[in-house]
Amino acid sequence: MKFELNIFVIGLILFLQSCSVGDVSPQGEALETIVYDVDAVGKEVDITSLIDTSYYEMIRLETDDRCLIGEVSRIWLQQDKLFVYDRLSKGVFVFNKDGSYHSRVLAVGQGPSEYPPVVNDVFVSDGFIYLLTPVVGKIYVYDWDGTFVKTIDLNGSWGEAMFSFDGERFCLLNAWGRSEIGAYHAYILESKTSQVQPLGAFNPEYLEDNRGWGLDDYYSLAGDRALFLIPTCDTIYELDRHYDYHPRYAIDIVKKRLPRNLAEGDAHIALQRSIADGYIIGVNKVLDAPKVLLLLMSDLKVIAYDKQEKKLFGAGENLKITPFAFRFNFPQSWGDTDVLLYPMTADDIQLRKTWVDELVFENKSFERDYKNMLNAVESEQANPVVFLFKWKKS
């Protein structure tokens, strides 16, 4: 436990050092600004008007020795399959739409079809599962049945996160690591030729100061663009299908912003002050939904920004779908972009059982199915239940 705490503190210190909070336009371009006022944050953000409330699904993922999930690190919906990446086991588990087990990719080892235990990221596209392992300079490719297909050479590039629009050209996102090619925040890798195009050069001196933080869910892929959160934590960058890389949104934290002299000074002092004074660091996660942009801030508040009206839709501690009496902090939405995914762990289910009778459901069909689902999950070791909701189309 002490080791895990030390790792967390070190990570937070590095995160604080990396944040240059204040300059909202690092390249001098006009950005669309999202204003975050902590005094305007409510308890909940009601997203009912954004959701097609005529549709919902609750999918209980099968639980047996072939597919025990320790952590839902990422989850995708592709065609009629659900894919769960478990960072603890370094495995990807594939389920059918009814929740039954289909296959898995769990091949940590040193054999020709096996991958090393250090996996930086996983990506799923039509027909294939990709595991990013820069420690050996490769992307390992498997099909949806779990069969090894091939490896792709990174050719000197590096990344903590990875995505692709077409399964042929991959974008590797890099916070502050140095590759064999140099210090860049993104690399476009041609899978067939292994040619690499670096994007977003940064000053390698930052590496000597140990600046940077690890990427997790720091990007959102939707339609013809991807949004991601490097190199700063208050600017959201956009990459389109033509691989044009540019800043797109700036987050203006009008109060409780970490002052520049702390963000760029001694990390230990910055850590102490941020905890003592409740400073807000920046954006932790981004999700690009059809009508809104969802942001999870470092104070764990959720911002919903209306992309069409170009104004704040709401900010709160949780999101709420009123007819379903359903509350959650931050969803996941991968693959089919019109679907919102929320994996509910068995621990969470046991907790919700204790207060479900206090809820008021407008949708009685959902109430019946929801309570039946809660009662059906008896063990805290069971795999999650995945909730599917649909965004209304813009």
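This report concerns the structure included in the present document. (Residues numbered from 1 in each chain as written. Predicted model: local features only at pLDDT ≥ 70, side-chain atom pairs only at ≥ 80, totals over all residues. Heavy atoms only, no water.)

## Regarding the overall build of the protein chain
1) Next: Scanning the protein chain from terminus to terminus reveals six helices and 26 strands.
2) Next: Burial status across the protein chain gives 53% buried among its 394 residues.
3) Next: Taking contacts inside the protein chain between residues at least 6 apart in sequence as the whole, the part at least 24 apart equals 56%.
4) Next: In the structure as shown, the protein chain presents an accessible area of about 17300 Å², 48% of it carried by carbon and sulfur atoms. (Helix = DSSP H or I, 4+ residues; strand = E, 2+ residues; numbered from the N terminus. Buried < 20%, exposed > 50% of the residue type's maximum accessible area, 1.4 Å probe, protein only. Contact = heavy atoms within 4.5 Å. Areas by Shrake-Rupley, 256 points an atom, 1.4 Å probe, with all protein chains shown as cover.)

## Examining the pattern of salt bridges
1) Next: Taken as a whole, this structure holds 24 salt bridges when the rule is applied.
2) Next: Here R225 and E238 are joined by a salt bridge, their closest N and O atoms 2.7 Å apart. With R225 in strand β17 (residues 225-228) and E238 in strand β18 (residues 235-240), this residue pair connects regions lying 13 residues apart in the sequence. In this pair, the class of R225 matches that of E238, namely buried.
3) Next: Between R352 and D348 there is a salt bridge, with the nearest N and O atoms lying 3.2 Å from each other. Here D348 and R352 lie together in helix α5 (residues 346-353), a separation of four residues that amounts to about one turn. For the pair formed by R352 and D348, the shared burial category is buried.
4) Next: Members of the salt-bridge network, linked through shared partners, are E32, R225, E238, R248, D288 and K307. (Salt bridge = Lys/Arg side-chain N within 4 Å of Asp/Glu carboxyl O.)

## Brief notes about the sheet that holds strand β12 (residues 161-164)
1) Next: The strand order β12-β13-β14-β15 describes an open sheet built from four strands, whose pairing is antiparallel. Of all the strands in the sheet, just β12 and β15 (196-201) have a single pairing partner and so form its edges. Direction aside, the axes of adjacent strands within the sheet are offset by 20 degrees on average.
2) Next: Relative to β15, strand β14 (residues 184-190) is paired through five bridges, and the arrangement is antiparallel. Along β15, the bridge assignment pairs Y184 with A201. (Pairing = 2+ DSSP bridges. Axes fitted to C-alpha atoms, helices over the stretch in contact; angles between N-to-C directions.)

## Some thoughts on the pairing of strand β6 (residues 91-96)
1) Next: Buried residues dominate β6, accounting for five of its six residues.
2) Next: For β6 and strand β7 (residues 101-105), the ladder comprises four bridges, and the chain directions are antiparallel. Within β7, the position partnered with V94 by the bridge is S103.
3) Next: What sits between the antiparallel neighbours β6 and β7 is a turn of four residues, in which G99 has the positive phi angle 95 degrees.

## Quick look at the pairing of strand β25 (residues 339-344)
1) Next: Burial of β25 is extensive: six of the six residues sit out of reach of the surface.
2) Next: Where burial is concerned, the two faces of β25 agree: the one with V339, L341 and P343 and the one with L340, Y342 and M344 are both buried.
3) Next: Where β25 meets strand β26 (residues 385-390), six bridges bridge the pair, whose relative direction is antiparallel. Residue pairing across strands places L340 opposite F389, the latter belonging to β26.

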